[in-house]
Amino acid sequence: MTSHIVVDPITRIEGHLRIEAVLDDNNVVTKAYSAGTMFRGIELILKDRDPRDAGLLAMRICGVCTGVHYWTSIRAVEDAFGVTIPKNARLVRNLITGSLFIHDHPVHFYNLHALDFVDIVAAIGADPAKAVTTAYQYSNAPWNASVATYQAVQAKLTSLAKSSLGIFGNAYWGNPSYRLTPEESLVAASHYLDALNMQRTAAKMMAIFGGKNPHPQSIVVGGITSVEDIADPSRLGQFGTWLAEMTAFIERAYMPDLVMVGKAYADEALAGVGAGLGSYMAYGAGFELDDNPVGRAKTLFPSGVVLNRDLSTVLAFDQSKVTEDVTHSWYEGNTVLQPFDGITAPNYTGLAKQSNGIAYLKTDEKYSWIKAPTYDGNRVEVGPLARLIVGYASGNATIKSKVDSVLATAGFPITILFSTIGRTAARMVETLIIADAMAGWLNELEVNVAQGDLQTWTPFDFSQVSANAQGFGLSEAPRGSLGHWIKIRDGKIANYQAVVPTTWNGSPRDGQDRPGAFESALVGVKLAKIDEPLEILQTIHSFDPCLACAVHLVDARGRDLGTYQVIPSDGTCNVSN
Ligand code: NFE
Ligand code: MG
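Being a predicted model, the structure only gives us computed values, none of them experimental.

As for its placement among the helices and strands, Asp-104 is situated in helix H4 (residues 87-113). We classify Asp-104 as buried; its relative accessible area is 5%. Reaching out from Asp-104, the side chain makes a polar contact with the side chain of Arg-479 at a distance of 2.7 Å. Look past the residues within four positions of Asp-104 in its chain and what remains in contact with it is Val-64, Cys-65, Pro-478, Arg-479 and Asp-544.

Set out below in structure tokens:
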């Protein structure tokens, strides 16, 4: 008997995501559909504005990947105006962006994703002394590992779990897909609480050069404004101290916990559960390593495309081959357009009529606010895993050595990366790479300023450059490749399109009915219990979805927020909460 299940909303993500899955009689997903159920239309709000203000408005697409839309938008305007930025601006932008990554990735792992693997109720029953031994199995210097700490953590977990409104009050505790031992769960749960504190440190790092967090405000077309901050050695020193604290947390908690989870789920990961499309793309832009103009500078993450897991071939990336298809998206028509010519014309056609009390997505027609991007006609995944795959296949020494050393520590082959766990592990590995690189950029900035270079901005004549221009800004955001495309006429924005990481990953089928990355990754996932879609959460969370970004109103028709329903296809209604 097949079942058609609806998980709406997916919790512990940003925004509103609905997943529908068809399961066979072994509870294995055979088909899945991903729908962004929210529309915001920020691309339309940008029209007719001054392009110098585009970044400030585009930034409001999201407060989670805070700042990425800001500087990607500014890069698009700089490209249109032909402006290059000075060294200090490059380094400060790298440090602001790096702060975002080392903030966002640990928050994602611990506070949004870990509870898909960590059973809090089991952790409460763990033996604290044994948990200390467990922690030392995965690190020589584990973060905050002591009997007293773990006992205090258990007391806190108990009080939080007892409250139905608490952060641990409502989950699938006891599900067989929780595979960590109680002690392993306790170690990771203690870091869940630590991560809540540590994220404050990373947020303050962004504020040193960015002025504030979220939504930094020190980046302008042509450079940055934080000249007083880079000239003040105590500000640079403070940044370095906080970077060292974050790096210690990443090395002594995030990395060992990921190895621990990887070992527990290794069989599944090696079998490729959650792998999905197997084609990966990275723009590689952002995190420039030298002062050549954007596009020609060496970057921390290489750009390229790897198709069908073929690590022997990396195709060169070309932004003109990016298109968006709206055949299955709630927009007018079924066009496939390059973003310079992209159109955002909403056309909401709703859900199907209710059957068995549920209104399902009309998956043969339009069913999501997310557009379906393609690269040169291919459906591709973006994100930390894509960056590592493209970097590894390109032979990038930094990426290769870090990936190889983490794999060697855990005793896994590279193929383990093609999985849900691999995607989650890739995020941790790139956090290590970025934290290392940030120490280098900070040092470069200190040396440059000490030599007397305080230039932070390249002047330009707006009236000369803004009459008739167009440009694109590319970057790597925490969740993957991000692009903004702008057309300017008579000093105003004539068209604006953003194609963001979760647009790529969370998209519906394209005009050829080929699934997006979420939809593809869910196929083959097996649920231990049909009324507890824990494994769907594991795989979807491994992408770290952000729906605010992806569909940059809420129409609640047909939706029943907060309810999880299972309808066997024989028509028997079996609704559980
Ligand atoms: Ni709102 Fe974002 C990132 C961007 S994702 S989180 O990272 O751009 O789609
Ligand atoms: Mg868009």
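Don't stop here, the text continues.
In an ideal tetrahedron of four donors about a metal, each angle is 109.5 degrees. In an ideal octahedron of six donors, the angles are 90 or 180 degrees. The coordination sphere of the iron atom of ligand 1 contains the protein donors Cys-65 (SG) and Cys-549 (SG), at a distance range of 2.5 to 2.7 Å. Coordination at the iron atom of ligand 1 is irregular, judged from the four donor atoms that bind it and the angles of 76 to 165° they form at the metal. For the pair the iron atom of ligand 1 and the nickel atom of ligand 1, the metal-to-metal distance amounts to 3.1 Å, and Cys-549 bridges them. Of the two residues, Cys-65 is situated in the loop between helix H2 (54-58) and helix H3 (68-81) and Cys-549 in helix H19 (residues 547-550); the sequence distance between them amounts to 484 residues. Like Cys-65, the residue Cys-549 is buried in the burial classification.

Cis geometry is adopted by the peptide bond preceding Pro-9, which originates at Asp-8 and carries an omega value of 5°. In this structure, the amide linkage connecting Asn-213 to the following residue, Pro-214, adopts the cis form with an omega of -5°. Along the chain, the position of Pro-214 falls in the loop between helix H8 (182-210) and strand S4 (219-220). Phi at Phe-287 takes a positive value of approximately 50°, unusual for a residue other than glycine. Within the element layout of this structure, Phe-287 appears in the loop between strand S6 (280-282) and strand S7 (304-306). Classification of Phe-287 by relative accessible area gives buried; the value is 4%.

What follows deals with the site of ligand 1. Near ligand 1, the surroundings consist of 13 residues, among which Cys-62, Cys-65, Thr-502, Cys-546 and Cys-549 are the closest. Here an oxygen atom of ligand 1 and a backbone polar atom of Pro-478 are 3.3 Å apart. One nitrogen or oxygen atom from the main chain of Thr-502 is found 2.7 Å from an oxygen atom belonging to ligand 1. Only H3 and helix H16 (501-505) provide two or more residues apiece to the shell around ligand 1.

What follows is about the pattern of salt bridges. Applying the stated rule across the entire model yields 23 salt bridges. Arg-387 serves as the salt-bridge partner of Glu-476, at 2.7 Å between the closest nitrogen and oxygen. Within this pair, whereas Glu-476 is found in strand S11 (residues 468-477), its partner Arg-387 is found in helix H12 (residues 384-393), the two being separated by 89 residues in sequence. Bridged by salt links that share partners, the residues Lys-87, Arg-90, Asp-291 and Glu-444 form one connected network.

Now for the coordination of the nickel atom of ligand 1. The protein atoms that coordinate the nickel atom of ligand 1 are Cys-62 (SG), Cys-546 (SG) and Cys-549 (SG), at distances spanning 2.2 to 2.3 Å. For the nickel atom of ligand 1, the four donor atoms in the first shell make angles of 101 to 125° at the metal, so the coordination geometry reads as tetrahedral. Read from N- to C-terminus, the donor residues coordinating the nickel atom of ligand 1 fall into the pattern C-x483-C-x2-C.

The next subject is the sheet that holds strand S8 (residues 322-325). Across the sheet, which stays open at both edges, the three strands sit in the order S9-S8-S10 with antiparallel pairing between neighbours. In the strand order of this sheet, the two ends are held by strand S9 (336-337) and strand S10 (372-375), each with one partner. Where S8 and S10 come together, four bridges link them in antiparallel fashion. If you follow Asp-325 over to S10, its bridge partner there is Ala-372.

This brings us to the side chain of Asn-94. By the secondary structure assignment, Asn-94 is in helix H4. The residues touching Asn-94, leaving out its near neighbours within four places in the chain, are Phe-287, Glu-288 and Trp-441.

A full pass over the atoms with the stated rule returns 26 aromatic pairs. Pairwise contacts between aromatic rings join Phe-39, Trp-330, Tyr-331, Tyr-348 and Trp-369 into one cluster. Over the face of the ring belonging to Phe-462 we find Arg-52, whose NZ or CZ atom lies 3.5 Å from the ring centre.

To continue, consider the environment of Gly-491. Looking at the secondary structure, you find Gly-491 in the loop between strand S12 (480-489) and strand S13 (492-499). Through-space distance from the C-alpha of Gly-491 to that of Val-326 is 30 Å; in sequence the pair is 165 residues apart. In this structure Gly-491 touches Arg-49, Asp-50, Pro-51, Phe-462, Ser-466 and Ala-467, once residues within four positions along its chain are discounted.

This brings us to the sheet that holds S11. An order of S11-S12-S13 is seen for the three strands of this open sheet, with the pairing classed as antiparallel. The sheet is open, and its two borders are formed by S11 and S13, each paired with just one other strand. Recorded for the sheet is a direction-independent mean angle of 15° between the axes of neighbouring strands. Inspection of the sheet shows S12 paired to S13 by seven bridges, in the antiparallel sense. Each bridged residue has a counterpart across the sheet, and for His-484 the counterpart in S13 is Ala-498. Against the sheet, H3 makes contact with S11, S12 and S13, and its axis sits at roughly 145° relative to S11, the strand it touches most.

Thresholds, definitions, all that
- Note that residues are indexed from 1 along each chain, following the sequence as it is written.
- Starting at A for chains and at 1 for ligands, labels are handed out in the order in which the entities are written.
- Predicted model: local features are reported for residues with pLDDT of at least 70 only, side-chain atom pairs are reported and counted for 80 or more only, and whole-chain, interface and lining totals are derived from all residues.
- Side-chain measures were taken over the full set of non-hydrogen atoms in the model, leaving aside hydrogen atoms and water.
- Helix and strand assignments follow DSSP, with helices taken as H or I runs no shorter than four residues and strands as E runs no shorter than two, numbered in order from the N terminus.
- For each residue, the accessible area found with a 1.4 Å probe, counting protein chains only, is set against the maximum for its type, and the residue is called buried under 20%, exposed over 50%, and partly exposed in between.
- Counting of polar contacts relies on pairs of N or O atoms within 3.5 Å, with two restrictions inside protein: one atom must be capable of donating a hydrogen and the other of accepting it, and residues adjacent in sequence are counted only when both atoms are side-chain atoms.
- Note on definitions: a residue-residue contact is assigned when non-hydrogen atoms from the two residues lie within 4.5 Å.
- Metal donors were taken as nitrogen, oxygen and sulfur atoms no farther than 2.8 Å from the ion, or 3.2 Å where the ion is Na, K or Ca. Water is excluded, so coordination may look unfinished.
- Working rule for geometry: tetrahedral if four donors all subtend angles between 85 and 135 degrees; square planar for four, octahedral for six, if opposite donors exceed 155 degrees and the others stay between 65 and 115; irregular in every other situation.
- Nearness is defined per residue: one heavy atom within 4 Å of the molecule or strand is enough.
- What counts as a salt bridge is simple: a side-chain nitrogen of Lys or Arg found within 4 Å of a carboxyl oxygen of Asp or Glu.
- Between any two strands, at least two bridges found by DSSP are needed for them to pair.
- Only rings of Phe, Tyr and Trp enter the pairing, Trp through its six-membered ring, and a pair is recorded when the two centres are within 6.5 Å. The plane angle decides the type: under 30 degrees is stacked, over 60 is edge-to-face, the rest tilted.
- Either the NZ atom of lysine or the CZ atom of arginine qualifies as a charge over a ring when it sits within 6 Å of the ring centre and within 35 degrees of the ring normal.
- The convention used is that axes are lines fitted to C-alpha atoms, helices contributing only their stretch in contact, and that angles between N-to-C directions extend from 0 to 180 degrees.

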